[in-house]
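Single-letter residue listing:
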Amino acid sequence: MNIPVEVIEACSENRCVLFVGSRATLESVVDEGGTYLEQKRLARKLGGRVSVRSALADLLTSAPRNEVIKRLASHLEVADAEPGDFHRRAVKRFGAIYTTCRDDLLERAARAQGIEPTVYYPGDALPTPGIDGLHIVKLWGGFEKPESLVLTNADQAKNPMAAQKKAVRALLRKQVIFFVGYRLEEEDFDLVFEDLSEAYGGELPRVHLAVAQGKISDYHWQKWVWRGLLLFIADPSEALEAVDQQAPQA
């Protein structure tokens, strides 16, 4: 597999920031023989049709927040799963990882290799580009810190990326963004891309997506390429294995 030259060069120069979606977790859980719900199936399990956030917002109108979190965690918590090849490669290769996953597989992968990450939650100041160490930004919070979880659009509005426009612009102007573990038709990618675009204030520069587990429809190809997104097909572990082969670390 040929990873885009811009991604390879950025990885070689430590200028690449990884954005991780739910299919990175799905890949690891399924590889172990477990089940991890894709977003449309998750929305239906929560009583909705397509949107997980809308389903959660509806649940919150009739149930306490802690009960809704328990229900979500029953479908997405992966405490018994082990970090996969993707997670091990990610924490060794990248200094900054932004994720919409709510699990702790990245943190556990890091600690298993003797790396103590700095973890950021919604509302925390974003890490400075190029800062030493491993920095994991949990854009939608984590189950290990229930009060941090972003469940609905109203939660997102409390701590939008746009509140840190200067930090986001510095991130995007100096780094190459590499999305892994997302599907173009799924809600998590749409939401994080919109959040970044709003914070940046325009079309995002130097943004690549390894589209996970499947083909790219003509509709989504045209929609996203028109918006400046550079696409290729690769599952999470496949993409990072190729990065390590084509941009060996010193």
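Refer to the structure presented above.
This is a predicted model, so every value here is computed, not measured.

Criteria and thresholds
Residues numbered from 1 in each chain as written. Predicted model: local features only at pLDDT ≥ 70, side-chain atom pairs only at ≥ 80, totals over all residues. Heavy atoms only, no water. Salt bridge = Lys/Arg side-chain N within 4 Å of Asp/Glu carboxyl O. Helix = DSSP H or I, 4+ residues; strand = E, 2+ residues; numbered from the N terminus. Buried < 20%, exposed > 50% of the residue type's maximum accessible area, 1.4 Å probe, protein only. Patch = residues over 30% accessible without salt bridge, like charges linked within 9 Å, V, L, I, M, F, W, Y side chains within 5 Å. Areas by Shrake-Rupley, 256 points an atom, 1.4 Å probe, with all protein chains shown as cover. Lys, Arg positive; Asp, Glu negative; His and termini not counted. Charge placed at Lys NZ, Arg CZ, Asp CG, Glu CD.

A. Geometry of the pattern of salt bridges. Enumeration over the complete set of coordinates arrives at 15 salt bridges. Across the pair E38 and R23 runs a salt bridge, and its minimum N-O distance is 3.5 Å. Remark: R23 occurs in helix α2 (residues 22-31) and E38 occurs in the loop between α2 and α3 (39-45); sequence separation between them is 15 residues. The class of E38 is partly exposed, set by a relative accessible area of 35%. Salt-bridge contacts for D244 lead to R93; the nearest nitrogen and oxygen are separated by 3.2 Å. Of this pair, D244 sits in helix α12 (residues 236-246) while R93 sits in helix α6 (residues 85-93), and the two are 151 residues apart along the sequence. Judged by its relative accessible area of 22%, D244 is partly exposed. One continuous salt-bridge network, built from bridges that share partners, spans D85, R89, R93 and D244.

B. Focus on a positive patch on the surface. Taken together, the side chains of K40, R41, R44 and K45 present a region of like positive charge at the surface. Mapping K40 onto the fold places it in helix α3.

C. Inspection of a negative patch on the surface at higher detail. Residues D31, E32, E77, D80 and E82 make up a contiguous surface patch of negative charge. The exposure class assigned to E77 is partly exposed, which follows from its relative accessible area of 35%.

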